[in-house]
Structure formats: C-alpha cells, structure tokens
Amino acid sequence: MDVRQYVAEELGAARRRSLDILEPLDDDRLRRQHSPLMSPLVWDLAHIGNFEELWLLRAVAGAAPIDPSLDDLYDAFRHPRPNRPALPLLGPAEARRYVADVRGRVVDTLDRLDPDRPDQPLLAGGYVYGMVVQHEHQHDETMLATLQLMADPGYRPLAPPPPAGRPVDGDVLVPAGPFTMGTDDEAWAYDNERPAHVVDLAAFRIDAAPVTNRQYSGFVTDGGYDEPRLWTDEGWAWRNKAGLHAPELWRAEGGGRWTRNRFGWREDLPLDEPVQHVCWYEADAYARWAGGRLPTEAEWEKAASWSSESVKRRWPWGEGEPTPERANLGGRHFGPAPVGAYPAGVSGYGCHQMIGDVWEWTSSDFEPYPGFVTFPYREYSEVFFGSGYKVLRGGSWATSPLAARTTFRNWDYPIRRQIFAGFRCARDA
Ligand SMILES: [Fe+2]
C-alpha cells in the first residue's frame, strides 16, 4: 500500500479508537482526575492533538502555532500528572474541536508527504507519522488504565469474549547461542529499539505462558506476601509501606474465593487469565517463590522472536499480520484472554501469548542499546535511561498492534501496578 494511504488509514483508526474510548463518559468524568497517577482524560485528549500539531504541522509542514499557550499546558515534562487538574485546560468540547482542527490540517498536508527522501529522516518511510499514530495509541492505553482506576460508576464497553483457553504446561528450552536483538529495518520502530545487535545468551528455560491468576493465588495463599526472604530489600520495604497483600483490585471473599474489580465491576477472579496489576517487586518475589527468576529483556526477546532457523521474526509466529486468531491486542476483548487461547500465535520456541494480553515485566533496567542514537527527540527515550525503570515487553490486550512488535520496549517504575502488566518466569538451563 502507498505510504500516504497507509498513514491516512492509521491516523483515522487511532482517532476513532480514542473517541470511542471517551464516548461513554460525561464531561464531569472527562475533567476529573481519577487517580493522582493519571491525567484527567481531557488532558490526554488535547495532548494527543498538541503532539500531533508539534510534529506533523509545525516540524514537518512549518506551520505557525494554532494557539501558543497550548504547548505549555500539554507538555508532559512541564506539568507532572498530579498538577494537571489545576491547569486551565481545554474543556471536553474545546479539546474535541482542537484535535479535529489539527487532524483536518494534517490531512490537508498529507499529499506533500514524500516517504522516499533519505535526506529527511523524519519523513523516511513515513516515520514521524508512525510516531504520532503510535503516540495516540499509547495514550489510548493510558486512558484505559485511567478508566480501570475510575471509581463508581464503572465503565463497561461492549466487547466480544476472547477465545477459550486450554492448559499450557511448564516451560520451554531456549538453547544457548547468539540472536539479533532490536531492529534496523522496522520502519516505525522507536530509537530505543535500535540498532539491531547480536547478543549471545546462555541456555535458559522460560514459561510457556504468562503466570495465571490461579498460579498467582497459590503464591498469595502460601504466604508469599509475608515471607521477606522471597523479596528484595527494596521490594520488602515497598510491600510494607504500600501494604501489599495481593494484586491490585483483588479481594478475598473467604473460603479461598477471590473476586476482582474490572473497570469498576466486581467479578469472580478468572483463574485462567494471566495475572494483571502486579508491580515489578511482586513479580520478582513470585518468581523466587516458584523457583525461578524474571527473564532478562534479551531472554524475553529471543524467546519471542528467534527460532532454530536463526531468522529474526517480526512477530512470535512469523511475519503474518497480528490477526484476532494470533494475539489479543487493540482492546478487542477489553481484557486478557485465558492462557492457551492463541495456539496460532505461538513463538518459534513454543511460548504462548508473548504479544498481547499482558505486558511482561523483565529483570532488566531500561538502558540504551550499544550505538544508540536519539531520534527524533530526547524526551521519548534518552531522558529515562538509567533512572530506576524496569523494562516491560510484549504489549497488553489494550496495546495497538502498531506498538506491540517483538522489539518494542516499554518501561515503568518497579512500584507501578496500574498498567496492564503481568509476567512469566525463567530459569537457568
Ligand atoms: Fe504523550
């Protein structure tokens, strides 16, 4: 497909998704801050438009600012999340008008996009458009995390149920040897995924599926939260300070029964779904309890994207598109699918659900690859390197397929639980 046409379709799809997510909410719920960890939803919406204006109208097309005061209001670095509700933000109707205005002007400039200009790295392969599309989808996921934290009344979109699961047992062996980590040729990959480089790993074993709620509840009932030897010193200190005793949103109902809150509605804990809303410290303690450890980021990527054929795969299953039979992405089912629901999406080494369902914590800190070059701005990746962040991989049920490739890197603080994150365990072989 022509790059211009592809860009136009993906911009449109991202916008439909953003507006659909916000559509059921009245103005009060759009303006309110539902958690100090998150922005008011109306901030996210106008920020999406402002980012698009900065890159696609001003950087690419050289346009003048639509309203210069907006750049400050919607600059994530100038205003930390807890301070955003006090800003003179655009209201919901104004924000919708603003993002539509920006989008209209962007569409008008699209016919000038020449993706075959090697002298213009922002435009090569439509890169900057891909960056803006991914940014919007990444904020859509952030907005869904906000909605999960929203208090009564809950949020209940219509979504078809995921495919049925089936038992996935044990772990798989990933033999020793080199593999290619990162990418040079994925057109819309971020700077932190580059450059491709060879990493030689010892043999290891990794769980064939993410840790389920059933498995995780075994850790809880076995006293895993009360056994300091299972936790790192920082993890134990955080467990005490934050009063952790089970994943966020779980509630013990007596007799070993658990319920959990899903978008404001209480339901029986779905035992075969991957566990969600655990922080890195909890994942790390569980892995120790289970006789393993978290995989490194490199181990995760090798298990997801390599095989005995020694060819880098764009997706765990190969090069085919991420269809609904292969992975649970894009909010299609509005939650994780049970393990074993995607046999068509299994990786070359036999791992299920590496992409979609839940982000997976790794043991690795967020650091640049050898030869890293900032592109196109320091605030996407560089300012976060080495600042105590842990890397997450694989995307969640809420992640767009455009931002869930096997090389994509996400990062967050080890205390964070509001993201759609779970994990799987690894062991030395
Ligand atoms: Fe942003």
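The structure we're discussing is the one just above.
Rules behind the numbers
- Residues numbered from 1 in each chain as written.
- Predicted model: local features only at pLDDT ≥ 70, side-chain atom pairs only at ≥ 80, totals over all residues.
- Heavy atoms only, no water.
- Helix = DSSP H or I, 4+ residues; strand = E, 2+ residues; numbered from the N terminus.
- Rg over C-alpha atoms; globule rule 2.2 N^0.38 Å.
- Buried < 20%, exposed > 50% of the residue type's maximum accessible area, 1.4 Å probe, protein only.
- Axes fitted to C-alpha atoms, helices over the stretch in contact; angles between N-to-C directions.
- Parallel < 35°, antiparallel > 145°, perpendicular 65-115°, else oblique.
- Left-handed = near helix turned anticlockwise from the far one by under 90°.
- Contact = heavy atoms within 4.5 Å.
- Donors = N, O, S within 2.8 Å, 3.2 Å for Na, K, Ca; no water.
- 1 Å grid on protein atoms, 1.4 Å probe; cavity = no way out; pocket = protein on both sides within 12 Å on 5 of 7 lines; lining within 4 Å.
- Points joined across faces, edges and corners; volume = space filled by probe spheres on them.
- Pairing = 2+ DSSP bridges.
- Polar contact = N/O pair within 3.5 Å; in protein donor to acceptor, adjacent residues only side chain to side chain.
- Phe/Tyr/Trp six-rings, centres within 6.5 Å; stacked < 30°, edge-to-face > 60°.
- Lys NZ or Arg CZ within 6 Å of the ring centre and 35° of its normal.

A few points about the overall build of the chain
Piece 1. Of regular secondary structure, the chain possesses 10 helices and 12 strands.
Piece 2. For 429 residues, the compact-globule estimate of 2.2 N^0.38 gives 22 Å, and the C-alpha radius of gyration of the chain, at 21 Å, lies within 12% of that figure.
Piece 3. C-alpha extents for the chain along the principal axes are approximately 60 × 50 × 40 Å.
Piece 4. By residue count, 55% of the 429 residues in the chain fall in the buried class.

A short note on the packing of helix α1 (residues 3-22) against helix α3 (residues 41-59)
Piece 1. α3 packs onto α1 with a crossing angle of 165° between their chain directions and a minimal axis gap of 11 Å. Here α1 lies roughly antiparallel to α3, going by the angle between them. In this structure, the crossing between α1 and α3 has a hand that is left-handed. Side by side, α1 and α3 meet where Arg15, Ser18, Leu19 and Leu22 of the first sit next to Leu41, Leu45, Ile48 and Glu52 of the second.

Considering the coordination of the iron ion
Piece 1. For the iron ion, every protein donor is listed as His47 (NE2), His135 (NE2) and His139 (NE2), and the spread of their distances is 2.2 Å.
Piece 2. Sequence spacing of the donors to the iron ion: H-x87-H-x3-H. Residue His47 is found in helix α3, and its partner His139 is found in helix α6 (residues 127-149); the two are separated by 92 residues along the sequence.
Piece 3. Residue classification places His139 among the buried residues on the basis of a relative accessible area of 12%.

Considering the packing of α3 against helix α5 (residues 92-109)
Piece 1. It is the contact of α3 with α5, at a shortest axis distance of 9 Å, that shows an interaxial angle of 25°. One finds that α3 runs roughly parallel with respect to α5. Relative to α5, α3 is oriented so that their crossing is left-handed. Two secondary-structure elements touch here, α3 through Val42, Leu45, Ala46, Gly49, Asn50, Glu52, Glu53, Leu56 and Leu57 and α5 through Pro92, Ala95, Arg96, Tyr98, Val99, Val102, Arg103, Arg105, Val106 and Thr109.

A short note on the layout of surface pockets
Piece 1. Taken as a whole, the largest pocket holds about 1500 Å³ of empty space.
Piece 2. Ala76, Arg81, His139, Phe384 and Trp411 are the residues nearest the centre of the largest pocket, which is lined by 48 residues in total.
Piece 3. For the lining of the largest pocket, the secondary structure elements donating two or more residues are α3, α6 and β10 (410-412).
Piece 4. Forming the walls of the second largest pocket are 28 residues, and the residues nearest its centre are Glu10, His137, Gly330, Ser400 and Pro401.
Piece 5. Put simply, the parts of the chain that give the lining of the second largest pocket at least two residues each are α1 and α6.

Looking at the sheet that holds β10
Piece 1. Within the open sheet, the four strands sit side by side as β10-β9-β8-β11. Their pairing is mixed. The open sheet has two edge strands, β10 and β11 (421-422), and neither has a second partner.
Piece 2. Contacting β8 (359-365) and β9 (390-393), helix α10 (residues 297-305) crosses the sheet at an angle of about 135° to β8.

What to know about the side chain of Ser364
Piece 1. Mapped onto the elements of the fold, Ser364 is located in strand β8.
Piece 2. According to the relative accessible area criterion, Ser364 is buried, its value standing at 16%.
Piece 3. In terms of polar contacts, Ser364 uses its side chain to reach the backbone amide nitrogen of Glu297, at 2.8 Å.
Piece 4. Not counting the four nearest positions on each side in its chain, Ser364 is found in contact with Thr296, Glu297, Tyr389, Lys390 and Val391.

Some points on the packing of aromatic side chains
Piece 1. In this structure the tally under the stated criterion is 40 aromatic pairs.
Piece 2. Ring geometry for Phe263 against Trp397: centres 6.1 Å apart, planes inclined by 75°, an arrangement best described as edge-to-face. Linking Phe263 in the loop between β6 (257-262) and β7 (265-268) with Trp397 in the loop between β9 and β10, this pair joins segments that are 134 residues apart in sequence.
Piece 3. Aromatic pair Trp315 and Trp317: ring centres 5.5 Å apart, planes at 0°, arrangement stacked.
Piece 4. Look at Trp317 and you get buried, because its relative accessible area is 14%.
Piece 5. Positioned above the aromatic ring of Trp43, the side-chain terminus of Arg84 is 3.8 Å from the ring centre.
Piece 6. Its end group placed over the ring of Trp280, Lys390 keeps NZ or CZ at 4.5 Å from the ring centre.

What about the sheet that holds strand β4 (residues 204-207)?
Piece 1. Read across the sheet, three strands follow the order β1-β4-β12 without closing on themselves; strand pairing throughout is antiparallel. Of all strands in the sheet, those bounded by a partner on one side alone are β1 (171-174) and β12 (426-428). Taken over all neighbouring pairs, the strand axes of this sheet differ in orientation by 25° on average, direction set aside.
Piece 2. With respect to the sheet, α10 is in contact with β1, β4 and β12, its orientation differing from that of β4 by roughly 75°.

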